[in-house]
Amino acid sequence: MQKTLLLTGANRGLGLEFVQQYLAAGWRVIAIARQHADALTAAPPPSLRLLSLDVTDWHAVATLGDRLADERIDLLLNNAGRYGGDAQELGKLDAEEWLRVLAVNTIAPAMLVQALLPRLATGAVIASISSKMGSIEQNTSGGAYLYRSSKAALNAANRSLALDLRGRHTCVVLHPGWVQTDMGGASAPLTPHESVRGMRAVLERVMPADSGGFFDYDGAPLPW
Ligand code: NDP
């Protein structure tokens, strides 16, 4: 039976690559973006459903489950992310931007899971794209207060999800590697294709015993 992926941040970077690779692999894809890319709107295949949504529009998120009443989701992928620009170095910290970063990176993933729980298939996988920059243990260079704290908090929330949904869903956080996207920049070593291919392989292998874990794009466990 055809499996269904729902993901956020589908219009560019890793999100667009996820859409393309899962469609090519025969999945049905529900792609969420604030504004969709021409690459998807020009000639959407029948297995692609496009939804326009800002993941911090809490009312729209809360009612998403109703909009998707006809769907059964096998993989929920929280991919949308916000870095926070240069407002995140000591001396330049911007509280309003910090709240925006937390809203996208930490709060939205949990609110989406809450809204979509009734639409998840038994045994569905919930994956959120985190970052090694959210690892407290691996923070040896300081700075990046907004982004680091938002991903560390995402990891913490994922552990609670894993425990609360134990026996029903597998919940993991993934580091995509350092990837050539608008966020990763041109000097990153990995292409979106390589990163997403690696994460897809990890997502195919994850077992209920992995729930609550933090994994690199090649499947290696990462420190908190
Ligand atoms: P990009 O900056 O290329 O893309 C970010 C995506 O998030 C865009 O689709 C953007 O949409 C979407 N987004 C941001 N805010 C919102 C919002 N409020 N509502 C809906 N969508 C939103 O980043 P990447 O593709 O590189 O990043 C994908 C994920 O991977 C992120 O979670 C990021 O933190 C993580 N990551 C990336 C790394 C890298 O090296 N690239 C390294 C570690 C983690 P819009 O176009 O509308 O802004």
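Residues numbered from 1 in each chain as written. Predicted model: local features only at pLDDT ≥ 70, side-chain atom pairs only at ≥ 80, totals over all residues.

## Focus on the overall build of the chain
Scanning the chain from terminus to terminus reveals seven helices and seven strands. Helices and strands in the chain line up, N terminus first, as β-α-β-α-β-α-α-β-α-β-α-β-α-β. Here the C-alpha atoms of the chain give a radius of gyration of 16 Å, agreeing with the 17 Å that 2.2 N^0.38 yields for 224 residues. When burial is assessed residue by residue, the chain has 42% of its 224 residues classed as buried. Considering only residue pairs separated by 6 or more positions, the chain has 65% of its internal contacts joining residues 24 or more positions apart. (Helix = DSSP H or I, 4+ residues; strand = E, 2+ residues; numbered from the N terminus. Rg over C-alpha atoms; globule rule 2.2 N^0.38 Å. Buried ≥ 20, exposed ≤ 12 C-beta atoms within 10 Å, placed from the backbone. Contact = placed C-beta atoms within 7 Å.)

## Considerations on the site of the ligand
What surrounds the ligand is a group of 29 residues, the closest being G9, G13, G81, T181 and G184. If one sorts the elements of the shell around the ligand by residue count, helix α1 (residues 13–24) sits on top with three residues. When the residues that make up the shell around the ligand are grouped by side-chain class, the tally is 11 nonpolar, 13 polar and five charged. (Near = placed C-beta within 6 Å. Nonpolar A, V, L, I, M, F, W, Y, C, P; charged D, E, K, R; others polar.)

## Here's the deal with unusual backbone geometry
If you check the backbone angles, A144 has positive phi at about 50° while not being a glycine. Structurally, the position occupied by A144 is in the loop between β5 (120–129) and α6 (145–164).

## Describing the pairing of strand β4 (residues 73–78)
It is a general feature of regular strands that their side chains alternate between the two faces of the sheet. For β4, the tally of buried residues reaches five of six residues, placing the bulk of the element in the interior. Across three bridges, strand β1 (residues 4–8) lies against β4 in parallel orientation. Counterpart to L6 in the pairing with β4 is L76. Where β4 meets β5, five bridges bridge the pair, whose relative direction is parallel. Its bridge partner lying in β5, N78 is registered against S128. Viewed along the sheet, the connection from β4 through helix α5 (residues 95–116) into β5 turns out right-handed. (Pairing = 2+ DSSP bridges. Right-handed = clockwise from strand over helix to strand, strands pointing away.)

## Concerning α1
Spanning 12 residues, α1 covers 17 Å between terminal C-alpha atoms, matching the ideal 16 Å at 1.5 Å per step. Residues G13, L14, G15, L16, E17, F18, V19 and Y22 constitute the buried set of α1. Summarising the contacts, the buried residues of α1 are in contact with β1, β2 (28–33), α2 (38–41), β4, β5 and α7 (192–205). Where α1 ends, the next residue or the one after it, G26, has phi of about 95°, a positive value. (Expected span 1.5 Å × (residues − 1).)

## Some words on α6
A rise of 1.5 Å per residue sets the reference length of α6, with its 20 residues, at 28 Å; its end C-alpha atoms lie 28 Å apart and thus fit the reference within 8%. When we look at burial in α6, the residues that qualify are L146, Y147, R148, S149, S150, K151, A152, L154, N155, N158, L161 and A162. Next to the buried residues of α6 lie α5, β5, β6 (170–175) and β7 (214–216).

## Observations regarding the environment of S160
Along the chain, S160 turns up in helix α6. A tally of 12 C-beta atoms within 10 Å means that S160 is categorised as exposed.

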